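Each chain, written out:
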Amino acid sequence: MEPEKIFSIDGRLSRGLYAKYMLIWFALIALAQITGPFIATFLIGDSQNSFGEIILNVLAMIYFIGGGIFSVRRLHDLNKSGVYILLFFVPLICVALFIYLFFAKGTVGWNEYGADPLAE
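In this text, all values refer to a predicted model and were calculated from it rather than measured experimentally.

A count of helices and strands for the protein gives three helices and zero strands. Starting at the N terminus and walking to the C terminus, you meet the elements of the protein as α-α-α. Its C-alpha atoms give the protein a radius of gyration of 17 Å, clearly above 14 Å, the size a compact globule of 120 residues would have. Expressed as lengths along the three principal axes of its C-alpha atoms, the size of the protein is roughly 55 × 35 × 20 Å. Counting over 120 residues, the protein shows a buried share of 32%. Excluding contacts between residues fewer than 6 apart, the proportion of contacts in the protein whose partners are at least 24 apart in sequence is 67%. Carbon and sulfur atoms make up 73% of the accessible area of the protein, which totals about 7,800 Å². Taken together, the 8 basic and 9 acidic charged side chains of the protein have centroids lying 11 Å from each other.

Okay, structure coming up:
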């Protein structure tokens, strides 16, 4: 897959790539969340760590946007609309949707969102 297409909502994403992208994305954001407040304290001497809290909030938004993009493409692989991503905001259903995206087999062959990513 071309690097410029990683953060695009167009096309499909196989469950293997989805798992890989989500795990790498989670690890990068977790590392940034752990080190961010320490770096902010070291650089600007913020003893109250309010700048660190701002960094954590920005990173959380970045995580949800990136994860959302990957999830929309995974939904496309299942021949579902990206609108289903709104189910992530419903308690308990979000857990079921997340498990479904990780384990459901994608549509074989072409669907309305593009070619089968496993056939490429």
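This part is about a nonpolar patch on the surface. Residues I39, F42, L43, I44, F51, I54, V58, M61, I62 and I65 make up a contiguous nonpolar surface patch of roughly 1,000 Å² in combined accessible area. Of all the elements in the fold, those that place two or more residues in the nonpolar patch are α1 (15-44) and α2 (50-77). Per element, the largest residue contribution to the nonpolar patch is six residues, and it comes from α2. Assignment of secondary structure puts I65 in helix α2. Judged by relative accessible area, which is 56%, I65 ranks as exposed.

It is worth spelling out α1 at this point. Here α1 contains 30 residues, and its C-alpha end-to-end distance of 42 Å stays within 8% of the 44 Å for a straight helix at 1.5 Å per residue. Of all the bends in α1, the greatest, near 35°, is centred on T35, and the proline P37 appears no more than four residues after it. Within α1, the full set of buried residues consists of Y18, A19, Y21, M22, W25, I29, G36, P37 and A40. G45, located one to two residues past α1, shows a positive phi value of around 65°.

The subject of this paragraph is the packing of α1 against helix α3 (residues 93-103). Following both chains from N to C, one finds α1 and α3 inclined at 125°, their axes separated by 7 Å at the closest point. By the angle class used here, α1 and α3 are oblique. Along the contact surface, α1 presents R15, Y18, A19 and M22, while α3 presents F98, L101, F102 and F103. In terms of residue class, the contact of α1 with α3 is built from seven nonpolar, no polar and one charged.

Counting through the fold element by element, S8 comes out in the segment before α1. S8 sits 80 residues away from F88 along the chain, and the two C-alpha atoms are 19 Å apart. Filtering out sequence-adjacent residues up to four positions away, S8 remains in contact with I69 and R73. Among the polar contacts made by the side chain of S8, one reaches the main-chain amide nitrogen of D10 at a distance of 3.1 Å.

Basis of the calculations
Residues numbered from 1 in each chain as written. Predicted model: local features only at pLDDT ≥ 70, side-chain atom pairs only at ≥ 80, totals over all residues. Heavy atoms only, no water. Helix = DSSP H or I, 4+ residues; strand = E, 2+ residues; numbered from the N terminus. Rg over C-alpha atoms; globule rule 2.2 N^0.38 Å. Buried < 20%, exposed > 50% of the residue type's maximum accessible area, 1.4 Å probe, protein only. Contact = heavy atoms within 4.5 Å. Areas by Shrake-Rupley, 256 points an atom, 1.4 Å probe, with all protein chains shown as cover. Lys, Arg positive; Asp, Glu negative; His and termini not counted. Charge placed at Lys NZ, Arg CZ, Asp CG, Glu CD. Patch = residues over 30% accessible without salt bridge, like charges linked within 9 Å, V, L, I, M, F, W, Y side chains within 5 Å. Salt bridge = Lys/Arg side-chain N within 4 Å of Asp/Glu carboxyl O. Expected span 1.5 Å × (residues − 1). Bend = angle between axes of the 7 residues up to and from the residue. Axes fitted to C-alpha atoms, helices over the stretch in contact; angles between N-to-C directions. Parallel < 35°, antiparallel > 145°, perpendicular 65-115°, else oblique. Nonpolar A, V, L, I, M, F, W, Y, C, P; charged D, E, K, R; others polar. Polar contact = N/O pair within 3.5 Å; in protein donor to acceptor, adjacent residues only side chain to side chain.

Geometry only, nothing functional implied.
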